[in-house]
Amino acid sequence: MEPIIGTRTSQRLAELRATVRKYQQRYGELEGMADITKANSALASRQRRYNQLAVEYERIRNKLESMTSEVERIECWLEFCLEDLIARTRETHSEGWSPTPVLGYRLWAVGNDALHGVKMPWSGRSLTATCLSRGGDDEIPHTDGRCGRL
């Protein structure tokens with residue numbers, strides 16, 4: 001954050017204050033100086049508070065940068081842990097996987113003004129695959145061979 005002091009407005013204020021001092025030397029106490037004193041006091045108070053907040057802002061900004069770095073490192077660690085767990089689970093349970101694409105077919109038929117799969121009709125815009133032999137299992141396709149050859 002930029003300090004308030006040193007702005008173009010502050011330059012103008014310095015010029016005006018110098019002119020007022022010159023008039024005070026020429027003419028003595030000027031009428032309306034009480035308002036000027038109050039305004040100077042209010043400005044000085046706000047500048048001190050601004051400077052305090054600027055220091056606090058810098059401290060918080062540094063903490064945020066540090067926290068961002070910590071979060072990124074923890075995310076990398078978590079990603080490694082998840083990938084490692086998945087790899088170990090696949091190896092332990094002989095997860096079916098092919099490094100090359102496998103060709104598959106899906107058969108559909110249109111009848112009675114509806115789209116039908118081999119086993120069941122579609123009733124909406126999409127259909128979620130389910131295991132017909134075991135009910136609504138979440139893991140489709142099964143990777144352990146329980147419904148047929150992998």
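Higher on the page you've got the structure.
A brief report on the enclosed structure follows. (Residues numbered from 1 in each chain as written. Predicted model: local features only at pLDDT ≥ 70, side-chain atom pairs only at ≥ 80, totals over all residues. Heavy atoms only, no water.)

1. A short note on the overall build of the chain
Alright, step 1. Counting secondary structure elements, the chain contains 2 helices and 2 strands.
Alright, step 2. The order of helices and strands in the chain, counted from the N terminus, is α-α-β-β.
Alright, step 3. A buried classification covers 5% of the 150 residues belonging to the chain.
Alright, step 4. Intrachain contacts of the chain at a sequence separation of at least 6 include 27% that bridge at least 24 residues.
Alright, step 5. A total of about 13,600 Å² of accessible surface is found on the chain, and carbon and sulfur atoms cover 56% of it. (Helix = DSSP H or I, 4+ residues; strand = E, 2+ residues; numbered from the N terminus. Buried < 20%, exposed > 50% of the residue type's maximum accessible area, 1.4 Å probe, protein only. Contact = heavy atoms within 4.5 Å. Areas by Shrake-Rupley, 256 points an atom, 1.4 Å probe, with all protein chains shown as cover.)

2. Some details on a negative patch on the surface
Alright, step 1. On the surface, Glu-72, Glu-75, Glu-79 and Glu-83 cluster together into a patch of negative charge.
Alright, step 2. With respect to the helices and strands, the residue Glu-83 is situated in helix α2 (residues 33–92). (Patch = residues over 30% accessible without salt bridge, like charges linked within 9 Å, V, L, I, M, F, W, Y side chains within 5 Å. Salt bridge = Lys/Arg side-chain N within 4 Å of Asp/Glu carboxyl O. Lys, Arg positive; Asp, Glu negative; His and termini not counted. Charge placed at Lys NZ, Arg CZ, Asp CG, Glu CD.)

3. Regarding the pattern of salt bridges
Alright, step 1. If you walk through the whole model with that rule in mind, you get 4 salt bridges.
Alright, step 2. Where Arg-12 meets Glu-15, a salt bridge forms, and the shortest distance between an N and an O atom there is 3.7 Å. Of the two residues, Arg-12 and Glu-15 both sit in helix α1 (residues 8–27), 3 residues apart, roughly one turn of that helix.
Alright, step 3. On the basis of relative accessibility, which here comes to 46%, the residue Glu-15 falls in the partly exposed class.
Alright, step 4. For Asp-84, the salt bridge is made with Arg-88, and the minimal N-O distance between the two is 2.8 Å. Highlighted residues: Asp-84 and Arg-88, both in helix α2, separated by 4 residues, approximately one helical turn.
Alright, step 5. Looking at Arg-88, the relative accessible area reads 46%, which means it is partly exposed.

4. Quick notes on α2
Alright, step 1. A rise of 1.5 Å per residue sets the reference length of α2, with its 60 residues, at 88 Å; its end C-alpha atoms lie 87 Å apart and thus fit the reference within 8%.
Alright, step 2. Regarding α2, the residues found buried are Met-33, Gln-47, Tyr-50 and Ala-54.
Alright, step 3. After α2 finishes, the residue Ser-94 shows a positive phi value of roughly 50°. (Expected span 1.5 Å × (residues − 1).)

5. Side note on the pairing of strand β2 (residues 114–117)
Alright, step 1. Note: strand β1 (residues 108–111) against β2, 4 bridges, orientation antiparallel. Following the sheet pairing, Ala-109 is matched in β2 by His-116.
Alright, step 2. Here β1 hands over to β2 after 2 residues, with Asn-112 in that stretch at a positive phi of 55°. (Pairing = 2+ DSSP bridges.)

6. Digging into a nonpolar patch on the surface
Alright, step 1. Taken together, the side chains of Ile-74, Trp-77 and Phe-80 present a nonpolar region at the surface, about 390 Å² in accessible area.
Alright, step 2. Along the polypeptide, Ile-74 turns up in helix α2.
Alright, step 3. Classification of Ile-74 as partly exposed rests on a relative accessible area of 47%.

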